[in-house]
Amino acid sequence: MSILPKDIHQGIALGLYGIAGILALLKKPILLISLVAAHLCEYLTISRPLAAEKAISQPSALIHTLLYGFTWWKPIKNRH
């Protein structure tokens, strides 16, 4: 699986990290911390079990979820 964004939504997700990173440099790290925490929760509760079900490696699922959040796992979950 490629780590590059697949669509505009994943590009926006990466852009949020850029904004959060700039704010963190300006001594306001709460957005960056919140973004990582939210994506980590998504991994633990949704994409980790989904990756196991779909035979996707856990490291790949973790990286993709941390970078893209639901824009990565939602399409996989909706596939039949």
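### Side note on the overall build of the protein
Counting its secondary structure elements, the protein contains 4 helices and 0 strands. Ordering the α and β elements of the protein from the N terminus gives α-α-α-α. With respect to the principal axes defined by its C-alpha atoms, the protein has extents near 45 × 25 × 20 Å. Across the 80 residues in the protein, those meeting the buried criterion constitute 28%. Counting contacts in the protein only where the partners sit at least 6 residues apart, residues at least 24 apart contribute 52% of the total.

### Quick word on the environment of arginine 48
Mapped onto the fold, arginine 48 is located in helix α2 (residues 30-53). Under the relative-accessibility criterion, arginine 48 is labelled partly exposed at 40%. Taking the C-alpha atoms as reference points, arginine 48 and proline 59, separated by 11 residues in sequence, lie 9.4 Å from one another. Sequence-distant contacts of arginine 48, defined by excluding residues within four places in its chain, comprise Tyr43 and Gln58.

### Notes on a nonpolar patch on the surface
Together, Ile8, Ile12, Leu16, Ile19, Ile22, Leu23, Leu26, Ile30 and Leu31 make up an exposed nonpolar region whose accessible area comes to about 860 Å². For the nonpolar patch, the secondary structure elements donating two or more residues are α1 (8-25) and α2. When you line up the elements, isoleucine 8 lands in helix α1.

### Quick word on the packing of α1 against α2
Viewed as axis vectors pointing N to C, α1 and α2 meet at an angle of 140 degrees, and their least axial separation amounts to 8 Å. Here α1 is positioned oblique relative to α2, judged by the angle of their axes. Within the contact between the two elements, α1 uses Leu16, Tyr17, Ile19, Ala20, Leu23 and Ala24 and α2 uses Leu31, Leu32, Leu35, Val36 and His39.

### Side note on the nonpolar core
Grouped together as the largest cluster of nonpolar side chains are 10 residues: Ala13, Tyr43, Leu50, Ala51, Ile56, Ala61, Tyr68, Trp72, Trp73 and Ile76. Going through the elements one at a time, α2, α3 (58-68) and α4 (70-78) are the ones with two or more residues in this core. What alanine 51 contacts, discounting residues up to four positions off in sequence, is Ile56, Gln58 and Ala61.

### A look at α2
Its 24 residues place the ends of α2 33 Å apart at the C-alpha level, agreeing with the 34 Å of an ideal helix rising 1.5 Å per residue. Of all the bends in α2, the largest measures some 50 degrees and sits at tyrosine 43. The complete set of buried residues in α2 reads Leu35, His39, Glu42, Tyr43, Ser47, Leu50 and Ala51. Turning to α2, the residues buried within the fold contact α1, α3 and α4. Immediately downstream of α2, the backbone of alanine 55 shows phi near 60 degrees, a positive value.

Definitions and cut-offs
Residues numbered from 1 in each chain as written. Predicted model: local features only at pLDDT ≥ 70, side-chain atom pairs only at ≥ 80, totals over all residues. Heavy atoms only, no water. Helix = DSSP H or I, 4+ residues; strand = E, 2+ residues; numbered from the N terminus. Buried < 20%, exposed > 50% of the residue type's maximum accessible area, 1.4 Å probe, protein only. Contact = heavy atoms within 4.5 Å. Patch = residues over 30% accessible without salt bridge, like charges linked within 9 Å, V, L, I, M, F, W, Y side chains within 5 Å. Areas by Shrake-Rupley, 256 points an atom, 1.4 Å probe, with all protein chains shown as cover. Salt bridge = Lys/Arg side-chain N within 4 Å of Asp/Glu carboxyl O. Axes fitted to C-alpha atoms, helices over the stretch in contact; angles between N-to-C directions. Parallel < 35°, antiparallel > 145°, perpendicular 65-115°, else oblique. Core = buried A, V, L, I, M, F, W, Y, C linked by side-chain atoms within 4.5 Å. Expected span 1.5 Å × (residues − 1). Bend = angle between axes of the 7 residues up to and from the residue.

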